[in-house]
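Survey of secondary and tertiary structure
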Number of protein chains: 2
Amino acid sequence: MEAHVKLWFEHDGRLVLSEYRVQLLRLIRDRGSLAQAAAAMGLSYRRAWGKVRELEQNLGLPLVHSDVGGAGGGKSRLTPEAEALLKQYDGFARDLEAALRALRQRHFGGLPGQPEQESTGARSR
Amino acid sequence: MEAHVKLWFEHDGRLVLSEYRVQLLRLIRDRGSLAQAAAAMGLSYRRAWGKVRELEQNLGLPLVHSDVGGAGGGKSRLTPEAEALLKQYDGFARDLEAALRALRQRHFGGLPGQPEQESTGARSR
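Residues numbered from 1 in each chain as written. Chains lettered and ligands numbered in written order. Predicted model: local features only at pLDDT ≥ 70, side-chain atom pairs only at ≥ 80, totals over all residues. Heavy atoms only, no water.

1. So, the sheet that holds strand β2 (residues 14-18) of chain A
Across the sheet, which stays open at both edges, the 4 strands sit in the order β2(A)-β1(A)-β1(B)-β2(B) with antiparallel pairing between neighbours. If you trace the sheet from one side to the other, it starts and ends with β2 of chain A together with β2 (14-18) of chain B, each paired once. Averaged over all pairs of adjacent strands, the angle between strand axes in this sheet comes to 40°, irrespective of strand direction. Bridge count between strand β1 (residues 2-11) of chain A and strand β1 (residues 2-11) of chain B: 9 bridges; the pairing is antiparallel. (Pairing = 2+ DSSP bridges. Helix = DSSP H or I, 4+ residues; strand = E, 2+ residues; numbered from the N terminus. Axes fitted to C-alpha atoms, helices over the stretch in contact; angles between N-to-C directions.)

2. Comments concerning the relation of the copies chain A and chain B
Screw-axis analysis of chain A against chain B gives a translation of 0.0 Å along the axis, an RMSD of 0.0 Å, and a rotation angle of 180°. Seen this way, the second copy is the image of the first under a two-fold rotation axis. No C-alpha of chain A approaches the rotation axis more nearly than that of A:K6, which lies at 2.5 Å. A symmetric contact is evident, with 100% of the interface residues of chain A recurring at the interface of chain B. (Least-squares fit on C-alpha atoms with pLDDT ≥ 70 in both. Contact = heavy atoms within 4.5 Å.)

3. What to know about the interface of chain A and chain B
Contacts between chain A and chain B engage 37 residues on the former and 38 residues on the latter. Approximately 3,500 Å² of surface area, both sides summed, lies buried where chain A meets chain B, with 65% of it carried by carbon and sulfur atoms. Contact with chain B buries surface across chain A, with A:H4, A:Q88 and A:F92 losing the most and accounting together for 17% of the total. Seen at the junction of chain A and chain B, the total is 2 salt bridges. (Buried area = accessible area lost by both parts, 1.4 Å probe. Salt bridge = Lys/Arg side-chain N within 4 Å of Asp/Glu carboxyl O.)

4. Notes on the environment of B:G50
With respect to the element layout, B:G50 can be found in helix α3 (residues 45-59). What makes B:G50 partly exposed here is its relative accessible area of 30%. (Buried < 20%, exposed > 50% of the residue type's maximum accessible area, 1.4 Å probe, protein only.)

5. Topic: the pattern of salt bridges
Scanning the entire structure with this criterion turns up 10 salt bridges over all chains. Close ionic contact of B:R53 with B:E56 constitutes a salt bridge, the shortest N to O distance being 2.8 Å. Of the two residues, B:R53 and B:E56 both sit in helix α3, 3 residues apart, roughly one turn of that helix. Each of A:R29, A:D30 and A:E83 takes part in one network of salt bridges that share partners.

6. Overview of helix α1 (residues 19-31) of chain A
All names here are of chain A. Compared with an ideal rise of 1.5 Å per residue, which puts 13 residues at 18 Å, α1 spans 18 Å between its outermost C-alpha atoms and is within 8% of the ideal. Buried within α1 are the following residues: R21, V22, L24, L25, L27 and I28. Where α1 is buried, its residues meet β2, α2 (34-40), α3 (45-59), β3 (64-66), β4 (76-78) and α4 (80-107). (Expected span 1.5 Å × (residues − 1).)

7. Overview of the nonpolar core
A general trend in soluble globular proteins is that nonpolar side chains are found buried together. Ranked by size, the top nonpolar core spans 68 residues in total, and within it A:F9, A:F92, A:L96, B:F9, B:F92 and B:L96 carry the most contacts. Aside from chain neighbours lying at most four places away, what touches B:F92 is A:A3, A:L100, A:L103, A:R104, A:H107, A:F108, B:L7 and B:F9. (Core = buried A, V, L, I, M, F, W, Y, C linked by side-chain atoms within 4.5 Å.)

8. A closer look at the packing of α1(A) against α4(A)
Helix-helix packing is described using two parameters, namely the angle between the two axes and the distance between the axes. Residues and elements named next belong to chain A. The interhelical angle for the contact between α1 and α4, taken along N-to-C directions, is 130°, at an axis separation of 11 Å. As the angle between them shows, α1 and α4 are arranged oblique. Our pair here, α1 against α4, has a crossing hand that is left-handed. Contacts between α1 and α4 pair E19, V22, L25, R26 and R29 from the former with E83, L86, Y89 and D90 from the latter. When the residues that make up the contact of α1 with α4 are grouped by side-chain class, the tally is 4 nonpolar, no polar and 5 charged. (Parallel < 35°, antiparallel > 145°, perpendicular 65-115°, else oblique. Left-handed = near helix turned anticlockwise from the far one by under 90°. Nonpolar A, V, L, I, M, F, W, Y, C, P; charged D, E, K, R; others polar.)

9. Looking at the pairing of β1(A)
Side-chain direction in a regular strand flips from residue to residue, so the side chains alternate between the two faces of the sheet. All names here are of chain A. With 4 bridges joining them, β1 and β2 adopt antiparallel strand pairing. Note on β2: the bridge partner recorded for W8 is S18. If you look at the hairpin formed by β1 and β2, you'll find 2 residues sitting between the two strands, and D12 has a positive phi there, around 55°.

10. Regarding the side chain of B:H107
On the secondary structure map, B:H107 appears in helix α4 (residues 80-107). Here B:H107 falls in the buried class, since its relative accessible area comes to 8%. When neighbours within four sequence positions are excluded, B:H107 is seen to be in contact with A:Q88, A:G91, A:F92 and A:D95.

The analysis is restricted to geometry; functional conclusions fall outside its scope.
Encoded structure:
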């Protein structure tokens, strides 16, 4: 029995970070290009750009800086704010995975798929 | 900035518990009727029954016992295994919420929407 979670963050009820958007930001960082990051995720440039701008508005932070380019598109890079945000997200996600493992052991520490009876005192297994 | 998660459990790669299915089991318990639980969730009886049977197969545990009924349908009740499973799920979900609050404080302890710089040492706030 394995616990799985889908993680996202909201601020004032608006989405500000999700696994999908983190993936987009990572691709922009790694490829240095919003166009290439969009293509890698099967998104149009316009749609990827819109997602970045939406995140920036919801967070109130600049995330991606793009140089104006020619026909092939310019280069894009993450702002220091976006780098810090990714680092925070990664730390959060890593600790969440550890917490899930601990919770699984505490609550479902018995045989896989076999819920424990409360009387077994098996929490320490 | 609030962390949100969608939680589910798998066993051997197969879904064995999710918020949606927990809700279905709770409704069966509270209403004593699979037909009424299905209606409350906007599911056909057949579909709700299928979901319960799928969970039972994936878990290898009996979850719902139904008395054969007449035209109006019989009564349904959770097995002790299902009651224990719901209790485990609730405990897990409760502890997960607490873990999320702690992680949010640790990783995003600054002003809402304002990622901290690493140098602020603000983890204890």
